Structure formats: C-alpha cells, structure tokens
Amino acid sequence: MGFIEFLFTRNQMVLRLLLEHIWLVLFAIIIAIIVGVFLGLISAYYPIISKIILPFTQITMTVPSIALMGILIPLVGIGMINAIICLVVYSLLSIVRNTYTGIKEIPEEYIEAARGMGMTKRWILFKIKLPLALPVIIAGVRTSIVMIIGIGAIMSYIGVGGLGDLIFRGIARTSRNMILTGAIFVSILSIVTDFFFGKLENYFVKKTS
Amino acid sequence: MIRIKNLTKIYPGAEIPAVDNLNLEIGEGETCVLVGPSGCGKTTTLKMINKLIIPTEGTILIDGENVLKVDPIELRRNIGYVIQEIGLFPHMTIFENIATVSNELNWPKDKIKDRVYELMELMDLDPEIYRNRRPSDLSGGQRQRVGVARAMAANPPVMLMDEPFGAVDPITRGRLQDEFLNLQEKLKKTIIFVTHDINEALKMGTKIAVMRGGKLVQYTSPDGLLAQPENEFVEDLIGGDSTLKRLHLVLAKEVMKNPLYVARDSDSIADIKAKIGDKPKSKIYVTDSENTLMGYLPYAQLKREGSINSLIQPVKAKIADYTRLSEALSEMLSVGNSMICVVDDDNNFKGVISLQDILDTAKSESEIHS
Ligand SMILES: Nc1ncnc2c1ncn2[C@@H]1O[C@H](COP(=O)(O)OP(=O)(O)OP(=O)(O)O)[C@@H](O)[C@H]1O
Ligand SMILES: [Mg+2]
C-alpha cells in the first residue's frame, strides 16, 4: 500500500490522533503559561526568589523526557496527568525566562513616569509592564509550544494517544507508512504553530514600539 | 507653597551627596527654575518632592504638610510630573497616554474625553488627527507637548517639570516656552522647572535657583540674578551680555506707550487734519470701531481728499503684547523701522514702542541695579 493510499484509508484515525495531540499540547501550554508567567513575575519582582526559580527551571530542562516520565510514574502513575506534568515542566523554562527578561528589560523611564503619575503597583503591572513585556513572553510561549509538540509524541508511550501513537505502533508493526504519517503530521503541526505564533509576536512587537 | 528644608540625598555607596543641605521656598503660583550643570542634583531634588526618591535628611513641606508622611500615591496624583525622558507609553495611543491618571481615578468616560480633548487643544494638537496616534508617530516637539498634557490631566496644583522642552530644536523650544508661559499666566500653578539652559531659566522662571554640586549657589529673581550674580560661577553661567539678556525679561506690554493719535477707518482726511493740525507726524495708525489695527497712513498722503480707506497701508512692524523686548528689538531691526506696533491676540491695537523706549529700558534696568 502506498503512502497516499494509506492516508486516505486511515484518515479518520489520523484526524482523531491529530486532535488528541492538539488538545494535549494546548492543555499543557495553558497551564504552563499560567504557572510560567506567574513564576517569571515573582522572579522579576523578588531578586532572591529569582535566584532559585531561574536555575531550577533550567535544571529540569536537562532531564530527558523519558526519564522524567519514569520518575513521575510512582507519584501519579501513567496517563494524562503524568504527560501534562512533563509537558508543563519542559514549557516552563522559556516562559519563565522570557517573562523575567521581558519585565526586566522595560526601559526605566516608563516605570518612572507611571510611578510619578501616582499609578499603583497593580496598575503598573497590568497596564504598563505586562503589555510591554508581551512580545517577549509570546516569543517564550512560541519556543515552548513548538518544543512540546515534539515531546508530546513521546508521551504516547504512557497511553495518552496523539500522533505518537502512529509512530510507536508503526515501529511495533514495522509499518513505514504509519511512522511516516506520524512524523509528517508532528512536523506540520510544529511549523503551522510556529508560523502562527510568529505572526502574533510581530503584531505585539508593532503594538509596543 | 513648597518649603524645602535642609534637604540632603546621599545615594547608597556614594561618597559625596547628590543634593547637599538644600533650602528653598517656592510661593503659590511661582515658577522656580532649578538650573545648573549636568549632575548637580536637579533631577534628584525633583524626585524627592514626589517621593520617587527618599531623602537622606531634611524635610519637604507642601502647604505645610510633610510629604514623607503623605501616602505616595495620593501625593503624586496631586503633583504633575514631566520626566526628563518624556516617557510616553509606547503601547498606548496619545488619548490613552493623556487619560492615564483620570482612568485610574475612575472618572466617567465622557469627563475623561472632555478633559483629554481640552488638553490636546490647549497643547495645539488636533484631537481628531492625533488622538489615535502612537507616540512613535509624533515629532519630538509633539511628544513633549503630550508629556506636559499628561502631567496636567488631573489638574494638579503643583507641577514638576524636568527639562520638559529639552529634546527639541531651538525654534520649537522657543515656541513651546511661549505657549507654556501663556498657559501659566492663566493657570497660575506652582511649578518647579528644571533646565541646564540659563536662557530658558531666565525666560520661564519667576525665581531661579542656581545649583552646583548638589548645593544651592544663589536663589533670586531672574532680574536679581542678572544684576547681582553671587560669584564667578553664576557670572559664567549667565555669560557676558547681561544687558541684552535683561531685555529678554521685559515684555512689550510693560513698556509700550499710547500712540499720540489714532484714526478710525470711518474718519475722513479732513477729520484727521482737523485733529492733528499741521504738526508733522510720520505715521497715523488706523483702527476700526472694535479697535482692530487696520494699518497706517503715511503723513504725506494727507494732502489728498475724501475717505482714507483706499490709502491705508498694512503695518509691517507688529508684535504681540507678550513679546519680549529683545525679540521686539530684533523685529524692528529686521523690518527696519524705529517704531513697532503692539497688538494683543485678537489684533487689538494696544500701543507702540520706539527704539528709544528700548534703549531707555536697557539703561534704566542697569542703573537700578548698579
Ligand atoms: N540612582 C542613582 N544612584 C546613584 N547615583 C545617582 C543616581 N541618580 C543620580 N545619581 C548621581 O547623583 C548626582 C545628581 O544626579 P541628578 O540626576 O540629580 O543630576 P541632574 O542635575 O538632574 O543632571 P542632568 O542635567 O544631567 O539631568 C549625579 O552625580 C548622579 O551620577
Ligand atoms: Mg536630570
């Protein structure tokens, strides 16, 4: 059976796995954004905490994803929770770091002007700092999401479905078509996502300069 | 009134104070200009007034209240602050920038809009054109106007202005200064204005505080500074031509005189002749019934008969009543007239100034002080 023919006969299944993959990544990135932006902000506001958080997110990145999955099994078992934790951990570094630098790199004059006008700390955060740091934060999210689309494929190993299923099953059955389909769709998903976030980033860069 | 007592700031790790035992009193409605070379502590002084910097020692009282005891947010909302770097928020439109404080004060939407439009018009920025623009789409001069408008949004009684017209070319700067002086005449705010340009200080200030190395060198009126510089440092700061500079402090309306005779455009030549007799005059100024300056009649034309309407010539040498004598003088020199007309904003004829009047002013000003 040729590759194209394979795609046509299995299109239902491929579509289902693609959607599963998207949901998994989306769910993980949303949690990662909430946690990551929060940690990035705390780091930017409290230098002492940043000395713990920043190296910590860096170290977790160096743990191989398979190993992290394994470490988590005794704690949360296999399945969705395990996968989400893994993906969130890998997303954190870029988001935390970019939130931190995005806030830190805002020229002092804007903060000074805001403070001089009697803006409260909360207003300065929500009306000045976060909007000005947004392009940098989005760049961090972009790096993370593209990365976990790839890592997400490995997560199929612990039974969460997604495009990785095609690859693992393909390997087990030595079906070249299956492996190829899985690989190609993971790539396409990465490229499309990267393109979309690139546009988003550009839009906000223009809005803040 | 603002009273600064024994104010000192030593930055952490610094050996010498940035501001050293400063004492100043600024009356209601006055413009106090802090002037001095770069690094002499002007910005540091300003920022202590709105508590962006906490003094090492000393007190600042605004209307008798110690600013150190006032909630900083509350304090700053009553003090307009124009920062040295302008600092317009790049992600907001001009409208949003100016509306920042009133938004935070939760003013109703239409009150905010009215206020922002009012300020934009005051600053000569057409709201319909500029309200949705971003700071990056404005010229330097326009940005500085927005910076000033933003600081004035909640109508604070006190304004701190750190080189508000610093980043523009001399011509634009001159215009911004004139506009602001006009505005201040109406608003009568208490202003502390920072500059390192002595000419700007002389022009804008009712009081001038010369600073050097964090210390106050001299605190007096612009005229007093020119007449009696405290020491060589102040003399150097002023520069040589202090008589000419003094002309810069006097406004046209302060020395203008009533012209000897003013004709109405409804007069006939016979009427005019009857009134002035045969005494030769070089020019007869003509106004309409509302005192608007129409032009002048050369004396030689009076030989004719009938209505004067067709004989009226436009006046070339004409200045606004708030023009400085130095500018009046240069206008006279460039037009080549020894007499110049003074009008107000509505072109109403207010008076005339002769070259002799200017010379007399320069002389008397220097006599008073020597
Ligand atoms: N945050 C700071 N920390 C340490 N030193 C500072 C700080 N800000 C200013 N200084 C120092 O304090 C002195 C006074 O600075 P300040 O900014 O008040 O000067 P200025 O008169 O406003 O100068 P300019 O005309 O250049 O704006 C300078 O020597 C400066 O280096
Ligand atoms: Mg300064």
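Before going into details, it helps to say that this report is about the structure given with it. (Residues numbered from 1 in each chain as written. Chains lettered and ligands numbered in written order. Predicted model: local features only at pLDDT ≥ 70, side-chain atom pairs only at ≥ 80, totals over all residues. Heavy atoms only, no water.)

Topic: the coordination of the magnesium ion (ligand 2)
As a benchmark, a tetrahedral metal site with four donors has ideal angles of 109.5 degrees, while an octahedral site with six donors has ideal angles of 90 or 180 degrees. Residues and elements named next belong to chain B. Around the magnesium ion (ligand 2), the protein contributes the donor atoms Thr43 (OG1) and Gln84 (OE1), at 1.9 to 2.4 Å from the metal centre. Placement of the pair is Thr43 in helix H1 (residues 42–49) and Gln84 in the loop between strand E6 (79–82) and helix H3 (94–104), with a sequence separation of 41 residues. Given the relative accessible area of 21%, Thr43 is considered partly exposed. (Donors = N, O, S within 2.8 Å, 3.2 Å for Na, K, Ca; no water. Helix = DSSP H or I, 4+ residues; strand = E, 2+ residues; numbered from the N terminus. Buried < 20%, exposed > 50% of the residue type's maximum accessible area, 1.4 Å probe, protein only.)

Observations concerning empty space enclosed by the protein
Residue and element names in this part refer to chain B. Tallied over the full model, the rule gives two cavities of 30 Å³ or more. Approximately 70 Å³ is the volume found for the largest cavity. For the lining of the largest cavity, the secondary structure elements donating two or more residues are helix H2 (72–77), E6 and helix H6 (140–152). Top element by residues in the lining of the largest cavity is E6. It accounts for three residues. (1 Å grid on protein atoms, 1.4 Å probe; cavity = no way out; pocket = protein on both sides within 12 Å on 5 of 7 lines; lining within 4 Å. Points joined across faces, edges and corners; volume = space filled by probe spheres on them.)

Regarding the interface of chain A and chain B
Taken residue by residue, the interface counts 19 residues in chain A and 23 residues in chain B. Taking both sides of the interface into account, the surface hidden between chain A and chain B amounts to around 1900 Å²; carbon and sulfur atoms contribute 65%. For the pair chain A and chain B, the interface holds one salt bridge. One salt bridge connects A:Glu112 with B:Lys47, and the closest N-O pair in it is separated by 2.7 Å. Where chain A packs against chain B, one counts six residue pairs in polar contact (both at pLDDT 80 or more). Elements that contribute at least two residues to the side of chain A that touches chain B include exactly helix H6 (108–116) and helix H7 (121–154) of chain A. Among the residues forming the side of chain A that touches chain B, the class breakdown is nine nonpolar, five polar and five charged. (Contact = heavy atoms within 4.5 Å. Buried area = accessible area lost by both parts, 1.4 Å probe. Salt bridge = Lys/Arg side-chain N within 4 Å of Asp/Glu carboxyl O. Polar contact = N/O pair within 3.5 Å; in protein donor to acceptor, adjacent residues only side chain to side chain. Nonpolar A, V, L, I, M, F, W, Y, C, P; charged D, E, K, R; others polar.)

Focus on unusual backbone geometry
Residue and element names in this part refer to chain B. Residue Glu163 is not a glycine yet carries a positive backbone phi of 40°. You can see Glu163 is positioned in the loop between strand E7 (158–162) and helix H7 (170–187). Using a relative accessible area of 11% as the deciding quantity, one classes Glu163 as buried. Residue Asn291 is not a glycine yet carries a positive backbone phi of 70°. Considering the arrangement of structural elements, one finds Asn291 in the loop between strand E12 (283–287) and strand E13 (293–298). The exposure class assigned to Asn291 is partly exposed, which follows from its relative accessible area of 33%.

Description of a nonpolar patch on the surface
On the surface, A:Leu15, A:Leu19, A:Trp23, A:Leu26, A:Ile30, A:Ile34 and A:Val35 cluster together into a nonpolar patch covering about 680 Å² of accessible area. Along the chain, A:Leu15 falls in helix H2 (residues 11–45). (Patch = residues over 30% accessible without salt bridge, like charges linked within 9 Å, V, L, I, M, F, W, Y side chains within 5 Å. Areas by Shrake-Rupley, 256 points an atom, 1.4 Å probe, with all protein chains shown as cover.)

Examining the packing of helix H3 (residues 47–62) of chain A against helix H5 (residues 80–104) of chain A
Residue and element names in this part refer to chain A. As a packed pair, H3 and H5 sit with axes 8 Å apart at the nearest point and diverge in direction by 145°. In this structure, H3 crosses over H5, and the sense of that crossing is left-handed. Contact with H3, carried on its side by Ser50, Ile53, Leu54, Thr57, Gln58, Thr60 and Met61, involves Val89, Tyr90, Leu92, Leu93, Val96 and Tyr100 of H5 and no other residues of that element. Taken together, the residues that form the contact of H3 with H5 break down as nine nonpolar, four polar and no charged. (Axes fitted to C-alpha atoms, helices over the stretch in contact; angles between N-to-C directions. Left-handed = near helix turned anticlockwise from the far one by under 90°.)

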